[in-house]
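Listed here are the chains, written in short residue letters.
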Amino acid sequence: MNVLLVEDELMARRRLENILAENFPELSIIGETDSVRGTLEWLQANSARTDIIFMDVELSDGNCFEIFRQTDIKAKVIMTTAYDNYAVKAFEVNSVDYLLKPIELPALQRAVRRCENSSAEFDIRKIVSALESHAPSSGNYKERFLVRVGERIVPVSSDSIACFVSENKGTYLVTTDGTRYIMNPSLDELAESLDPSAFFRVSRSAIVAKSAIHSVNRLPGSKLSITSVLPENIEVSRARVDDFLVWLEK
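Residues numbered from 1 in each chain as written. Predicted model: local features only at pLDDT ≥ 70, side-chain atom pairs only at ≥ 80, totals over all residues. Heavy atoms only, no water.

Broken down by element type, the chain carries 7 helices and 17 strands. Of the roughly 13,200 Å² of accessible surface on the chain, 47% is carried by carbon and sulfur atoms. (Helix = DSSP H or I, 4+ residues; strand = E, 2+ residues; numbered from the N terminus. Areas by Shrake-Rupley, 256 points an atom, 1.4 Å probe, with all protein chains shown as cover.)

A few words on the confidence of the model for the chain. Summary statistics for the chain give a mean pLDDT of 82 and a share of 84% for residues scoring 70 or more. Considering only residues more than four positions removed or in separate chains, one finds that residues 86-95, a stretch of pLDDT under 50, has 31 contacts. (pLDDT = per-residue confidence, 0-100. Contact = heavy atoms within 4.5 Å.)

Further remarks concern helix α7 (residues 241-249). Within α7 the residues assigned to the buried category are Val241, Phe244 and Trp247. The buried residues of α7 occupy an angular sector of 125° when the element is viewed end-on, so they sit on one face. For α7, the exposed residues lying more than 90 degrees away from the buried face are Asp242 and Glu249. Residues of α7 that are buried make contact with β13 (199-203), β14 (206-209), β15 (213-219), β16 (223-228) and β17 (234-236). (Buried < 20%, exposed > 50% of the residue type's maximum accessible area, 1.4 Å probe, protein only. Arc of directions from axis to C-beta.)

The strand order across the open sheet built from 5 strands is β2-β1-β3-β6-β7, with neighbouring strands paired in parallel fashion. Of all strands in the sheet, those with a lone pairing partner are β2 (28-33) and β7 (97-100), marking the two edges. The average angle at which neighbouring strand axes cross in this sheet is 20°, direction not considered. Taken together, the 5 bridges between strand β1 (residues 2-6) and β2 define a ladder with parallel strand orientation. (Pairing = 2+ DSSP bridges. Axes fitted to C-alpha atoms, helices over the stretch in contact; angles between N-to-C directions.)

Here we take up the packing of aromatic side chains. Aromatic ring pairs are reported here in terms of the distance separating the ring centres and the angle at which the planes meet. Applying the stated rule across the entire model yields 5 aromatic pairs. Centre to centre, the rings of Phe164 and Phe199 are 6.1 Å apart; their planes meet at 50°, and the pair counts as tilted. Taken together, the residues Phe164 in strand β10 (residues 161-167) and Phe199 in strand β13 connect sequence positions 35 residues apart. Overall, the relative accessible area of 0% leaves Phe164 in the buried class. (Phe/Tyr/Trp six-rings, centres within 6.5 Å; stacked < 30°, edge-to-face > 60°.)

With that settled, the discussion passes to the sheet that holds β17. Taken in spatial order, the 3 strands line up as β15-β16-β17 in an open sheet, and their pairing is antiparallel. Because the sheet does not close on itself, it has two edges, and the strands there are β15 and β17. For this sheet the average axis-to-axis angle between neighbouring strands, irrespective of direction, equals 30°. In the sheet, β16 pairs with β17 via 3 bridges, with the strands oriented antiparallel. Note on β17: the bridge partner recorded for Ile226 is Ile234. Against the sheet, α7 engages β15, β16 and β17, with an angle of about 150° to β15.

Structure below.
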């Protein structure tokens, strides 16, 4: 069976490749993509020969729901994500499965068996609807975060946060006065708990608060640079520029 891997995290993609190669000789990886746009282009040329798609939810230029909106996918899809809030166990039926990262072999074996079941039903629109309905609602966004300062635990209100950044394998909360606190959650996990009207993931390494932005400057290569309450500038990745400007105007 021919497999397409849709995953924007290189290490996660390599790990999945290795697990598949070591345990599923009947599967052949014929393509890899890391974005909504790249996946749409790949499927346009190769959809007919694709049997299974391992599909990450969050991609480099958006989430996978946009792929399903723009094309009719005939292959069987196994969702992969680090976000347990997307875990809709109710539709883990037949050929469709949902795997939380890091993906474990028993769960992967179960998913592949379902895809190999030729009689399995497959309704991708039902899956998309279910996934989207389980995304965080406006009432579930966090309004404060607990950070450690030595032996103390300090609550930080979301109103006083300028940004979250990932640096040197660590995640930091940065307040509007420039104070930095190291945190355990990754930016991926934080992005799911923040109000999207107030915070925006501008790149793989930064989430910014709208209230902290003073101005935006254009850079070569279609990127943007944000001048905020913080001394250092933060760049908006090229893939997120259009969405960022729409968000900033709201």
